[in-house]
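Overview (structure and organization)
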Amino acid sequence: MRKSIIVLITVAALALPVVDATAATLTTTSKKIVVSKRFTGSVASVDRWGSLRVTIVVRKTTTITGTKKKVTRKITAVSVPVYPNHTDRSIYINQTALPILKAETLRAQSANINMVSGATDSSDAFAQSLQSAILKAKRS
Amino acid sequence: MTVTIQELPGTRRVEHVMGLPIVVDVRDDDEAGPALDRLFDWLRWVDATFSTFKENSEISRINRGELRRDDAHLDVRRVLDRCDQLRDETRGYFDMRAPDGSIDPAGLVKGWAIDRTAAILDDAGLRNYAVSGGGDMRVLGRPVPELTWRVGIQHPLDRQQVAAVVEATDLAIATSGAYARGDHVWNPHSGLPPSGVLSVTIVGPELGTADAYATAAFAMGPERGPQWTARLAGYEAMTILADETVFKTGGFPDE
């Protein structure tokens, strides 16, 4: 048996611009429409520690070339406006876990990790709220 | 910084059932809506039937003596029988019986239920998906054609890190630990929470079994637990001890 701890994730700083501007550009051959919208996830409960909610900003780019239409969406910001905050444990989560959770979420999106296996905690509530925000964005 | 999630293939849905967010992430392009409806309807039935928090569940009725085990729903009998088998397989460390004689099969139900949701997705012809409930999951196929599913095993001491990454195309992955919800696993022989083990991850074909094995190995403690997992047929394990020693079984599929 090996004796090792493998450390794979480093914390990424989250300095994310919030993009609210709507821009449209026109050329003779193709038309590009860029729209940024904010999507708020459902409030997810964190066991007995309270609730949290995730908000994402999604930039939707629609490129129309002739009769072809291509739509891409990018998350340009993630924030957590509602934090669990009514017990000592919640304060611990706020100070340590949530900034880290953001980094994990973004990393997972970069296709390095699809899922995380671990004991049940606020990460699930975070994922749940984020997921509902993404689902809203995909339907827009 | 911009992170792209653009146009993931497939369908995703998250619902809160059995006290847990259940995440279903289907990557096939096929229409998955009706299968997902059936899947979540079925999970709600499982919750109504098995939860000890629901007064009218079959388990609550069995515990009050209003329903004989032999008269329970076929799925209830199957789950309770499997719990009995698992108690034997784990030398009594996985035990649905509380000291007062009541039963709570919740330690098997979640994983078993997710195994059955995988069967629902299979029957719908879906071949690339992940179903996760509270950090335990089944994955099948590929998230995108050129990649395999990659599952990070959370580091129990340092939550911004993962302790391993498992790559799989058909696997159940369960992690049991004391770090998230306090000591929710205890040694049924001593009645005390185990010390010295931070988490146990078990991977294999069935999530119900993997989850029960993880619970048992965690309860066994730092001496017996890793040794016991090394002898499991068809299942591999990674145990993280309090001194940060990691024991992995030989075939543990991390990179």
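Residues numbered from 1 in each chain as written. Chains lettered and ligands numbered in written order. Predicted model: local features only at pLDDT ≥ 70, side-chain atom pairs only at ≥ 80, totals over all residues.

**A short note on the overall build of chain A**
Within chain A one finds 2 helices and 6 strands. Expressed as a percentage of its 140 residues, the buried residues of chain A come to 36%. For chain A, the proportion of contacts with a sequence separation of at least 24, taken over those separated by at least 6, is 63%. (Helix = DSSP H or I, 4+ residues; strand = E, 2+ residues; numbered from the N terminus. Buried ≥ 20, exposed ≤ 12 C-beta atoms within 10 Å, placed from the backbone. Contact = placed C-beta atoms within 7 Å.)

**Details of the overall build of chain B**
Check the secondary structure of chain B and you find 5 helices and 11 strands. Counting contacts in chain B only where the partners sit at least 6 residues apart, residues at least 24 apart contribute 55% of the total.

**Let's talk about helix H1 (residues 33-50) of chain B**
Residue and element names in this part refer to chain B. For H1, with 18 residues, the first-to-last C-alpha span of 26 Å sits near the 26 Å given by 1.5 Å per residue. For H1, the set of buried residues is Ala 35, Leu 36, Leu 39, Leu 43, Val 46 and Phe 50. Each buried residue of H1 sits inside an arc of 100 degrees when the element is viewed along its axis, so together they form one side. Residues of H1 that are exposed and point over 90 degrees away from its buried face: Gly 33, Pro 34, Asp 37, Asp 41 and Arg 44. As for H1, its buried residues are in contact with strand E2 (11-17), strand E3 (20-26), helix H2 (58-63) and helix H4 (106-123). (Expected span 1.5 Å × (residues − 1). Arc of directions from axis to C-beta.)

**What to know about the environment of B:Gly33**
All names here are of chain B. For Gly 33, the position within the fold is in helix H1. On the neighbour-count criterion, Gly 33 (12 C-beta atoms within 10 Å) is exposed. Residues Gly 33 and Arg 12, 21 residues apart in the sequence, show an inter-C-alpha distance of 9.5 Å.

**Quick look at the sheet that holds strand E6 (residues 115-117) of chain A**
A sheet is described by the order of its strands in space; here 3 strands give the open sequence E6(A)-E6(B)-E7(B), paired in mixed fashion. Looking at which strands have only one partner, the edges of the open sheet turn out to be E6 of chain A together with strand E7 (162-168) of chain B. Each strand of the sheet is rotated relative to its neighbour by a mean of 30 degrees, with strand direction disregarded. Relative to E7(B), strand E6 (residues 149-154) of chain B is paired through 6 bridges, and the arrangement is antiparallel. Across the sheet, residue B:Val151 finds its bridge partner in E7(B), namely B:Val166. (Pairing = 2+ DSSP bridges. Axes fitted to C-alpha atoms, helices over the stretch in contact; angles between N-to-C directions.)

**What about the pairing of strand E8 (residues 170-177) of chain B?**
All names here are of chain B. Burial within E8 is extensive, with 7 of its 8 residues counted as buried. The pairing of strand E5 (residues 136-140) with E8 spans 4 bridges and is antiparallel. Bridged to Met 137 within E8 is Ile 173. Two elements, E8 and strand E9 (residues 197-204), share 6 bridges in a ladder whose sense is antiparallel. Each bridged residue has a counterpart across the sheet, and for Thr 175 the counterpart in E9 is Thr 201.

**Notes on the packing of helix H3 (residues 74-89) of chain B against H4(B)**
Residues and elements named next belong to chain B. Contact geometry of H3 with H4 gives a least axis separation of 10 Å together with a crossing angle of 115 degrees. Judged by the twist between their axes, the crossing of H3 over H4 is right-handed. Residues Val 79, Arg 82, Cys 83 and Leu 86 of H3 lie in contact with H4, whose contacting residues are Leu 108, Val 109 and Trp 112. A per-class count over the contact of H3 with H4 returns 6 nonpolar, no polar and 1 charged. (Left-handed = near helix turned anticlockwise from the far one by under 90°. Nonpolar A, V, L, I, M, F, W, Y, C, P; charged D, E, K, R; others polar.)

**Notes on the packing of H4(B) against helix H5 (residues 207-229) of chain B**
Residue and element names in this part refer to chain B. Running from N to C, H4 and H5 point in directions that differ by 155 degrees, and their axes come no closer than 7 Å. As judged from the angle between their axes, H4 and H5 are roughly antiparallel. In the crossing of H4 with H5, the sense of the turn from one axis to the other is right-handed. Only Leu 207, Gly 208, Ala 210, Asp 211, Ala 212 and Thr 215 of H5 make contact with H4, whose side of the interface consists of Gly 107, Leu 108, Lys 110, Gly 111, Trp 112, Ile 114 and Asp 115. (Parallel < 35°, antiparallel > 145°, perpendicular 65-115°, else oblique.)

**Here we look at the nonpolar core**
The biggest cluster of nonpolar side chains holds 74 residues, and the ones touching the most others in it are B:Val151, B:Ile173, B:Ile202, B:Ala210 and B:Ala217. For this core, the element with the highest residue contribution is H5(B), accounting for 10 residues. Setting aside residues no more than four positions away along its own chain, B:Val151 makes contact with A:Ile113, A:Asn114, A:Met115, A:Ser117, B:Met137, B:Val139, B:Val165, B:Val166, B:Ala168 and B:Ile173. Counting 6 residues, the second largest nonpolar core, distinct from the first, contains A:Val54, A:Val57, A:Val58 and A:Ile75. (Core = buried A, V, L, I, M, F, W, Y, C linked by C-beta atoms within 7 Å.)

**What to know about the environment of B:Ala119**
Residues and elements named next belong to chain B. Assignment of secondary structure puts Ala 119 in helix H4. The exposed category is assigned to Ala 119, around which 12 C-beta atoms lie within 10 Å. Residues Ala 119 and Leu 39, spaced 80 residues apart in sequence, show a C-alpha to C-alpha distance of 9.4 Å.

**Notes on H3(B)**
Residues and elements named next belong to chain B. Look at H3: 22 Å from first C-alpha to last across 16 residues, which is about the 22 Å you get at 1.5 Å a residue. Within H3, the full set of buried residues consists of Val 76, Val 79, Cys 83 and Leu 86. The arc enclosing the buried residues of H3, seen along the axis, measures out at 85 degrees, which places them on a common side. Along H3, exposed side chains directed more than 90 degrees from the buried face belong to Leu 74, Arg 78, Asp 81 and Asp 88. Elements in contact with the buried residues of H3: H1, H2, H4 and H5.

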